[in-house]
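Letter by letter, the chains look like this.
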Amino acid sequence: MAARHLIIGGGTAGMNAIRTIREEETERSTITLVSAERPYSRMVLPYYLDRSIAESHVFTATPKILAGWGVTAHVGKRATALDTKANVCTLDDGTKVEYDDCLIATGSSAVRAPVPGADGPGVHSFWTLEQARGVIAQIRPGSHVVMVGAGFIAFTILNSILALGATLTIVEVAPRILPRMIDDTGAGLVEEWLKRHGVKVRTGARLTKITDAKGRQKLSFPTGGDLVADVVIMATGIRTNLDWLKDSGVRVNQGIVVDEHLRSSVPNVYAAGDVAEGRDLISGANAVHAIEPTAQEHGRVVGANMAGKTVSYRGSLIINIVEVCHLDVASFGAWEDARAETASGVKADRPAYRKLLWRGERLVGAIILGPSSDIWTTNDVGMLKGLVQSGVGLGRWKAHLKANPFDIKPAFIATKTTSALLPETILGRPSKAPGETPVAV
Ligand SMILES: Cc1cc2nc3c(=O)[nH]c(=O)nc-3n(C[C@H](O)[C@H](O)[C@H](O)COP(=O)(O)OP(=O)(O)OC[C@H]3O[C@@H](n4cnc5c(N)ncnc54)[C@H](O)[C@@H]3O)c2cc1C
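Residues numbered from 1 in each chain as written. Predicted model: local features only at pLDDT ≥ 70, side-chain atom pairs only at ≥ 80, totals over all residues. Heavy atoms only, no water.

> Is there a simple way to think about the packing of helix H1 (residues 12–24) against helix H7 (residues 292–306) in this case?
Packing of H1 against H7 brings their axes to within 7 Å, and their N-to-C directions diverge by 35 degrees. Crossing of H1 against H7: the hand is right-handed. On the side of H1, the interface is formed by Thr12, Ala13, Asn16, Ala17, Thr20, Ile21 and Glu24, while H7 contributes Glu292, Ala295, Gln296, Gly299, Arg300, Gly303, Ala304 and Met306. Per-class residue counts for the contact of H1 with H7 are 6 nonpolar, 6 polar and 3 charged. (Axes fitted to C-alpha atoms, helices over the stretch in contact; angles between N-to-C directions. Helix = DSSP H or I, 4+ residues; strand = E, 2+ residues; numbered from the N terminus. Left-handed = near helix turned anticlockwise from the far one by under 90°. Contact = heavy atoms within 4.5 Å. Nonpolar A, V, L, I, M, F, W, Y, C, P; charged D, E, K, R; others polar.)

> Would you take a moment to explain the site of the ligand for this structure?
Around the ligand, the structure places 33 residues, and the nearest of them are Ala13, Glu37, Arg42, Ala79 and Glu292. For the ligand, an oxygen atom lies 2.6 Å from a polar atom in the side chain of Glu37. Within the backbone of Ala290, a nitrogen or oxygen atom sits 3.4 Å from an oxygen atom of the ligand. With the chains in place, 95% of the 1,000 Å² that the ligand exposes on its own is no longer accessible. (Near = heavy atom within 4 Å. Polar contact = N/O pair within 3.5 Å; in protein donor to acceptor, adjacent residues only side chain to side chain. Areas by Shrake-Rupley, 256 points an atom, 1.4 Å probe, with all protein chains shown as cover.)

> Got a minute to help me understand the sheet that holds strand S5 (residues 88–91) in this structure?
In any sheet, the strands associate via hydrogen bonds between backbone groups, in a parallel or an antiparallel arrangement. Taken in spatial order, the 3 strands make up an open sheet running S4-S5-S6, and their pairing is antiparallel. Whereas interior strands pair on both sides, the edge strands pair on one side only; in this sheet they are strand S4 (79–83) and strand S6 (96–98). Sheet twist, expressed as the mean angle between neighbouring strand axes with direction ignored, is 20 degrees. Note that S5 and S6 share 3 bridges and pair antiparallel. Within S6, the residue paired with Val88 across the bridge is Glu98. (Pairing = 2+ DSSP bridges.)

> Help me out: how do you make sense of the sheet that holds strand S1 (residues 4–8) in this one?
Taken in spatial order, the 5 strands line up as S3-S2-S1-S7-S19 in an open sheet, and their pairing is parallel. Edge strands, defined here as strands with exactly one partner in the open sheet, are strand S3 (71–75) and strand S19 (269–271). On average, each strand axis in the sheet is inclined to that of its neighbour by 15 degrees, with strand direction left out of account. Inspection of the sheet shows strand S7 (residues 101–104) paired to S19 by 3 bridges, in the parallel sense. In the strand pairing of S19, Ile104 is matched with Ala271.

Below, the structure is given as C-alpha cells:
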C-alpha cells in the first residue's frame, strides 16, 4: 500500500515538506494536508499591508495547485488531537485522518500583553492574514498608530505603516528597542535614526491598560504620559501552537524536541518550523528559531525523510534582518554570547556599527547596521552571514578583523568562504526551479 503522509499546518514548513516529498519519493504516496488557514507566507504580509502586493500574492498554493500535487486538503480545519499509538489525527469537525507518518508544522500565534483592554476594538495583532486585513481596514493617512513592542516583527511592518501616511509611536517595556536582536549600542543608534525619521520611541514603558476614548484608544502608563491612538498594534511576542498535542506522548519543551532527522520522540512523527526545537548551527544545542529560513530548511529535510531518504540536518542559523527608513539592521548566530571574544566599531560620521564575536578562530555571531545607501552595509551583511554560517577558521584574519571590524571583504575572500558554502545544500543536491509554483525546493 502507498505510504500515507499527513502534514499538519500549511505554512512555510508544511508546504516545503509537501513539495519535497513529491520531488524525492520513488513511489507515489498519498499526502493529506490539514491546515487551519489557506497556505500563505506570513513573511510577505508587510508588503500586503502597504499594498506593494495584492492579497492574491500572499498565497503559496491554490486549491488547484494542491490538487495538481495530488494532495487531499482539509483547509480551514484544525487538528485537535493526535493519537500516536493508533496513528490517527482528529480534526475539529470530528474527521479522523489515519497516517503512516506525520509532520507537525503548526507554527506559532501572536500573544498580546496581558493588560485590560488588550482585546478591545482597535487593538490588533499582526501575525495572520486575517489580522493583517483588520489593520488594513483601520489605518488611514494621518492615523496615529501605537505599536506595543519593539521587537523583530514590529520592525518588519514599521516601513509599511509609515508608507500608508500614518504617524507612529513605539512603546517598549524593555530599556531598549530590539532587545532580542541587537545590543545596547546598536539599539541606541537605531532609536536615534527612527526619531530623526519622525517615529516616536518610548522605552522602559509598561502599558497598564487600554480604554476607549470616544472611539479611539487610550493607552495608560504608570508614569503618566497617556497616548491616544487610532490603531494599536500589539507586537508583544508569539507562542508555539502546541496545546492540541496534550496527551499525544510527543515530547515538548519550548517546542517539539526533534533529532537530527527532525523526528520527535515518537519516531513516525516529525516537527518543523516555528513549532520545532531543533539543533542550532552554532551552539549545537536545541532551540526554537521562529524564522522563515529555518521553516524552509526544516520542511525540506522532513519532506526528504518522509519520502524515504535519510537526510540529516546540520542545524539552523538564527538570522534577523530588517530595514527601517533605509537603515539596514541585522544580527546572526550567537550575537549575545557573553563568553565570546569580541570586537566592535562605530563610525563617527553616520549610524554604522559592527560587532563581531569569536570562539577560537571561528566567527560565531555578528551585529551589523548601517545606511542602506552605504554599499558596505549590504555587502557586509551577506559576507558576515557567510563567515558565521560557514564556520571557517579565520587564521591571521581574525587579528585583522579585530583591528578593523569594518574591513570584512579581505577576510571573506582570503578564507575562501564562498568555496566552503557553495557545496553546502540542504538535501545534498542543487535546488530545483519552482516551476509553476512559488515554492522552490
Ligand atoms: C509580519 C511577519 C513578518 C515576518 N518577517 C519575517 C522575516 O523577514 N524573516 C524571517 O525569517 N521570518 C519572518 N517572519 C516569521 C516567519 O513568517 C515564520 O517563522 C514562518 O511563517 C514559520 O513557518 P511555519 O510553517 O513554521 O509556521 P506558519 O507559517 O505559522 O504556518 C503554520 C500553519 O499551521 C496552521 N495551524 C496552526 N494550528 C493548527 C492546527 N491545530 N491544525 C491545523 N493547522 C494549524 C496555521 O493556520 C498555518 O497555516 C515574519 C512573520 C510575520 C507574521
